[in-house]
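Topology and contacts: notes
Chain by chain, the residues:
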Amino acid sequence: MKVLVINCGSSSLKYQLIDTAGEQVLAKGLVERIGIEGSLITHRARGQKVQQQTEIPDHKVAIKLVVDALLSPDHGALKSLDEIAAVGHRVVHGGEKFADSVIINDEVMTTLSDCADLAPLHNPANIIGIKACQGLLPNVPQVAVFDTAFHQTMPPQAYIYGLPYEYYEQYGIRRYGFHGTSHKYVSQRAAKLLGRPLADLKLVTCHLGNGSSITAVKDGQSIDTSLGFGTISGTIMGTRSGDVDPAAIPYIMEQAGLSAAEMNDILYKKSGLLGISGISSDARDVEEAANNGNQRARLALDILCYLTRKYIGAYAAAMGGLDAIVFTAGIGENSVTIRNQICQGLEFLGAKLDPTKNNTRGQEIDVSTPDSTVRILIIPTNEELMIAQDTAELVGKKVN
Ligand code: AMP
């Protein structure tokens, strides 16, 4: 089945056309600077890369350009739009309403709008993308795949905060968790790689990228995860703070005379690797600076590795055991030294990293020693494929 996967941001749109039968990417690309001067589409298919700079005032025009690129006789991947069996949309927030992917209808659109307050930077853009696709492909089923859905299996003890209960009831304040599509994908791949049923496994999946989250996956279900109501908590990230004592927040606001919006901006955009190192939000830059003797860059990496290790230990306790640790996303897949540092001290759990095997980047591999009772896996994430597979499964069920 050919599925068009759309990941729509406020001013950008990523797409992939995936043949789910062969798990093959037929075309992919990126539309940048939508509604801003200097709009650009970059399209890749049939071994070619084409770029077009043109006026792209809104998402509808962006989707039309994507469709035109896919149909191009020179660099396209389709003869007719009828070949697209379904469109799968990445949607950031499904609130408590969506515990799984869903075929989009009017009722779903209303619920998505209701969830927009929870993810004001993302959900409105996702909705615009869905509407634009519905306009251009009116007869093609559209599916929403949520970043939050995989975590809806968490028990209340993991998702309720120690705040007055009415804030949960009135405002929906709770742990939602994010990167669910990635955690679900790597869990499934881990079970395949280990040759064991996912339903019998205790995994800690570490999605470490510009944004990071760590998840306890027990018997194939998320039972706890480090991101929460927003996308700040857990280990430190590129520009996000990770765990901070909430008492520090109003104190900083009073001392520095900051508004809530300014404080929010600091927690999301000026903290983490960038805030601690003062160098960069990019782990490669921070590693380079640390290697050149920069102490704050070294401290930033030490904190990232320490907090990640702490979560792995906590989640092993939460699950009552551990079969495998999975590393994924930009840092998890590529940083030999960060993986190594995280695993130092986990030997007591039975997790032993093989330094030679660990010297690898971006490939699916078991990097633990033969006598390690906890396997340590690197699994490149593939959220687009997961979205395409979920979409194909739902649409297939509807047809049959
Ligand atoms: P993502 O958000 O998954 O694209 O991940 C982005 C992060 O991965 C950035 O902090 C990059 O510095 C990091 N990253 C990518 N490649 C490497 C690498 N070879 N070594 C260390 N970090 C890397």
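Some remarks on unusual backbone geometry
Trans peptide bonds make up the majority, and among non-glycine residues the majority have a negative phi. For Arg46, which is not a glycine, the phi torsion comes out positive at approximately 50 degrees. Along the chain, Arg46 falls in the loop between strand 4 (40–45) and strand 5 (48–53). With a phi angle near 75 degrees, Ala329 is a residue other than glycine that sits in the positive phi range. Note that Ala329 resides in helix 12 (residues 329–334). Taking the relative accessible area as the measure of exposure, Ala329 reaches 7% and is therefore buried.

Re the packing of aromatic side chains
Applying the stated rule across the entire model yields 6 aromatic pairs. Look at Tyr159 and Tyr168: their rings are 6.2 Å apart centre to centre, the planes differ by 50 degrees, and that puts the pair in the tilted class. Here Tyr159 falls in the buried class, since its relative accessible area comes to 13%. According to the relative accessible area criterion, Tyr168 is buried, its value standing at 17%. Summarising the aromatic geometry, the rings of Tyr311 and Tyr315 are spaced 5.6 Å apart at their centres and angled 65 degrees between planes, so their arrangement reads as edge-to-face. Taken together, the residues span about one helical turn, with Tyr311 and Tyr315 both in helix 11 (residues 295–319) at a distance of 4 residues. The exposure class of Tyr311 is buried, given its relative accessible area of 15%. Following the ring pairs from residue to residue traces out a cluster consisting of Tyr159, Tyr165 and Tyr168.

Here is what the cut-offs are and how they apply
Residue positions are given per chain, counting from 1 as you read along its sequence in written order. pLDDT decides what is reported in this predicted model: residues at 70 or higher carry local features, side-chain atom pairs at 80 or more are listed and counted, and totals for whole chains, interfaces and linings draw on all residues regardless. Only heavy atoms go into the side-chain values, all of them from the structure, while hydrogens and water stay out. Working definition: helices are DSSP H or I runs of at least four residues, strands are E runs of at least two. Numbering for both runs from the N terminus. Note on classification: 1.4 Å probe, protein chains only; a residue is buried when its accessible area is under 20% of the maximum for its type, exposed when over 50%, partly exposed between these limits. The criterion for an aromatic pair is that two Phe, Tyr or Trp rings (for Trp, the six-membered ring) have centres within 6.5 Å, with stacked assigned to planes under 30 degrees apart, edge-to-face to planes over 60 apart and tilted to the rest.

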